[in-house]
Amino acid sequence: MESVRNFVSGELVDAAGGRFLDNVEPATGKVYSRLPDSDERDVERAVAAAEAAFPAWSSTPVEQRSKVLLRIADLLERDLDRLAHAESVDGGKPLTRARAGEIPRAVKNFRFFATAIVHFSSESHATDRDAINYTLRRPRGVVGCISPWNLPLYLLTWKVAPAIAAGNTAVAKPSELTPMTALLLGEICNEAGLPPGVLNIVHGLGSKAGAALTKHPRVGTVTFTGGTVTGAEIARAAAPLFKKISLELGGKNPNIVFADADMDRAVPGSVQAAFANQGQICLCGSRIFVERRAYDAFVDRFVAATRKLRIGDPLEDGTDQGAVVSRGHFDKVMSYIALAREEGGRVLAGGGPPEGLPERCRAGFFIEPTVITGLDATCRVNQEEIFGPVVTVVPFEDEDEVLEYANGTPYGLSASVWTENLARAHRLADGIESGTVWINCWLLRDLRVPFGGMKHSGVGREGGEEALRFFTEPKNVCIRYAREP
Ligand code: NDP
């Protein structure tokens, strides 16, 4: 059985305590590898390696850093099939999705920040004709990067690439549920010539290895993507140590369909937004609101399109829907479907595990794409993040009402609006409380734009300049050149 190992100072090593955790393949429900159960000793070792690498890496010319990152991107691209296969087995997602979407995005993350850093500049401010100020932006030191299981390599590289492009060194803690592509990334970094210690990867439990990293006194910067409850814990641990933190957290995103929308785009777009990656994307549109006069027709088309999604072995080419990530997560999602029934919801499609899975997948964690109507916007199912293949559809009368629904949760990550009315689209974009608003689309990402959430969906923004600003420390230098009066 293949073992995942920690990556410290360019070497693959086991946890200091010699303990392992099981790694389960979600499509089969069986243990297929193991990973180090790291603790604070392993984090200490990784932080020491990152500290040792910092002076040389932070003073390496930007162009040279950029070249190494571009090589990493090329090698990820060369190994696309192998990485996609690993990601699919590890997380239960369709192989076609990993191959076409997520691994290519990891390549893009490295390529984007390798080139962005070459163009990164700072400001200068002229103070009348008395003085000039300029801002230095230096790397901050050792950065802790904590990432979740839903898009493992995509989100890990979204953090690591800008952190090291900016001259920091990093200690990453991927989710214990999906460690495999992080292991492969370490090997690729060595092959690309990334100096030892610039990136270190410590595997293990969030409550142990993750917590040790967050509270480590010599890790001054923490970037975290994950659930809102964990985000609050990280903020609590980081605050007394005055760490700089970026938190990308959960969402309960509205997907708003007006009667004037182009339904040939709105229906498939809403299906994608609801069920991509088995609904396990923080940006999924899990609450669909449809203008009353289009409601019945939309629901019919939406349910028909949902029933066409093929659920099955993630490794098979025609599969649209794979398994959810773990037994625990399966139970959580199923408990919300039960709660929806208790709250008076009608299940129009899905509602539980599918029939007719291939033999290999009989003990896997599969849930049919589930469509629920008959719930109001304030019930628990419409307030809490489910993070699975479950969507609700609720009618609305007018713009004011739907804006109240859209903003009526503690979250504020993203929203989609489907309409052909330009003025209305702008009004909604202005009024919705979320970090991203998509008009007539979903998940159309440009890596230059600020990305993050409002309210309980996060603190700070990543992406483009925002990321490079986050991973650097500004220092203003003021030079007076006017003669004394
Ligand atoms: P978690 O918050 O459970 O975990 C995220 C990461 O944090 C994992 O690596 C986890 O380790 C680690 N962790 C857990 N507890 C601690 C701790 N006390 N200290 C430090 N690290 C810890 O999230 P999930 O992995 O379940 O991911 C799903 C969540 O992520 C959803 O809420 C989703 O909305 C959100 N998300 C947000 C995105 C955004 O950009 N806003 C994007 C993608 C997902 P381990 O898993 O090993 O316990």
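Here is what the cut-offs are and how they apply
Per chain, the residues get numbers from 1 upward, laid out in the order the sequence is written. Note on the predicted model: pLDDT of at least 70 is required for a residue's local features to be given, and 80 or more for side-chain atom pairs to be given and counted; whole-chain, interface and lining totals, by contrast, use all residues. By convention in this description, side-chain values take in all heavy atoms of the structure and omit both hydrogens and water. In plain words, nonpolar cores are sets of buried Ala, Val, Leu, Ile, Met, Phe, Trp, Tyr and Cys residues tied together by side-chain atoms within 4.5 Å. Partly exposed residues are those whose accessible area sits between 20% and 50% of the maximum for their type, while under 20% is buried and over 50% is exposed, using a 1.4 Å probe and protein chains only. To qualify as a helix, a DSSP run of H or I must reach at least 4 residues; to qualify as a strand, a run of E must reach at least 2; elements of each kind are numbered from the N terminus. Contacts between residues were defined by any pair of non-hydrogen atoms, one from each residue, lying within 4.5 Å. Any residue with a heavy atom positioned within 4 Å of a molecule or strand is treated as near that molecule or strand. Identification of polar contacts relies on pairs of N or O atoms within 3.5 Å, with a donor-acceptor requirement for protein atoms, meaning one able to donate a hydrogen and the other able to accept it, and with residues adjacent in sequence counted only if both atoms are side-chain atoms. Each accessible area value is a Shrake-Rupley result obtained with a 1.4 Å probe; residue values ignore everything except the protein chains displayed when judging cover. Residue polarity is assigned by list, with Asp, Glu, Lys and Arg as charged and Ala, Val, Leu, Ile, Met, Phe, Trp, Tyr, Cys and Pro as nonpolar; anything else, Gly included, falls into the polar class. Strands are labelled as partners when DSSP assigns at least two bridges between them.

## Description of the nonpolar core
In terms of nonpolar packing, the biggest core is built from 75 residues, with Ile-72, Leu-76, Phe-110, Phe-113, Ile-164, Leu-185 and Leu-199 touching the most fellow members. It is helix 4 (residues 95-119) that provides the largest number of residues to this core, a total of 11 residues. Apart from the residues within four sequence positions on either side, Leu-76 is in contact with Leu-83, Ala-106, Val-107, Phe-110, Leu-153, Leu-185 and Ile-188. If you look at the next biggest cluster of nonpolar residues, it comprises 21 residues, including Ala-261, Ala-266, Phe-275 and Val-299.

## Here's the deal with unusual backbone geometry
The residue Asn-277 is not glycine, and still its phi comes out positive at about 55 degrees. Among the secondary structure elements, Asn-277 is positioned in the loop between helix 9 (263-275) and strand 14 (287-291). For Asn-277, a relative accessible area of 2% puts it in the buried group. For Phe-387, which is not glycine, the phi dihedral falls at a positive 65 degrees. Residue position: Phe-387 is located in the loop between strand 16 (370-373) and strand 17 (390-396).

## Examining the site of the ligand
Inspection of the region around the ligand gives 32 residues, with Gly-227, Thr-230, Leu-249, Cys-282 and Glu-385 positioned closest. Within the contact set of the ligand, an oxygen atom lies 2.6 Å away from a side-chain nitrogen or oxygen of Thr-230. Glu-233 is positioned such that a nitrogen or oxygen atom in its side chain is 3.0 Å from a nitrogen atom of the ligand. For the ligand, the accessible surface in isolation is 890 Å², of which the surrounding protein chains cover 88%. Where the shell around the ligand is concerned, the elements lending two or more residues are helix 7 (206-214), strand 11 (221-225) and helix 8 (228-238). Residue composition of the shell around the ligand, grouped by class: 14 nonpolar, 13 polar and five charged.

## Quick look at the side chain of Gln-278
Mapped onto the elements, Gln-278 comes out in the loop between helix 9 and strand 14. For Gln-278, the side chain forms a polar contact with the main-chain oxygen of Ala-323, separated by 3.2 Å. If we ignore the near neighbours within four places in the chain, the residues touching Gln-278 are Gly-92, Lys-93, Pro-94, Asp-320, Gln-321, Gly-322, Ala-323, Val-324, Gly-388 and Pro-389.

## Description of the environment of Arg-287
Inspection of the secondary structure assignment puts Arg-287 in strand 14. Its relative accessible area of 1% is what places Arg-287 among the buried residues. Sequence spacing of Arg-287 and Glu-123 is 164 residues, and the spatial spacing of their C-alpha atoms is 42 Å. Setting aside anything within four residues of it in sequence, one finds Arg-287 in contact with Lys-252, Asn-253, Pro-254, Asn-255, Asn-382, Thr-392, Tyr-405, Ala-406 and Thr-409. At a separation of 3.0 Å, a polar atom in the side chain of Arg-287 contacts the main-chain carbonyl oxygen of Lys-252.

## Overview of the pairing of strand 11
Extensive coverage of strand 11 is indicated by the burial of five of its five residues. Both faces of strand 11 are covered, namely the face carrying Thr-221, Thr-223 and Thr-225 and the face carrying Val-222 and Phe-224. Bridge count between strand 8 (residues 142-146) and strand 11: four bridges; the pairing is parallel. Residue pairing for strand 11: Val-143 is matched across the bridge by Thr-221. Pairing geometry for strand 11 and strand 12 (residues 244-248), over five bridges, is parallel. In the strand pairing of strand 12, Phe-224 is matched with Leu-247.

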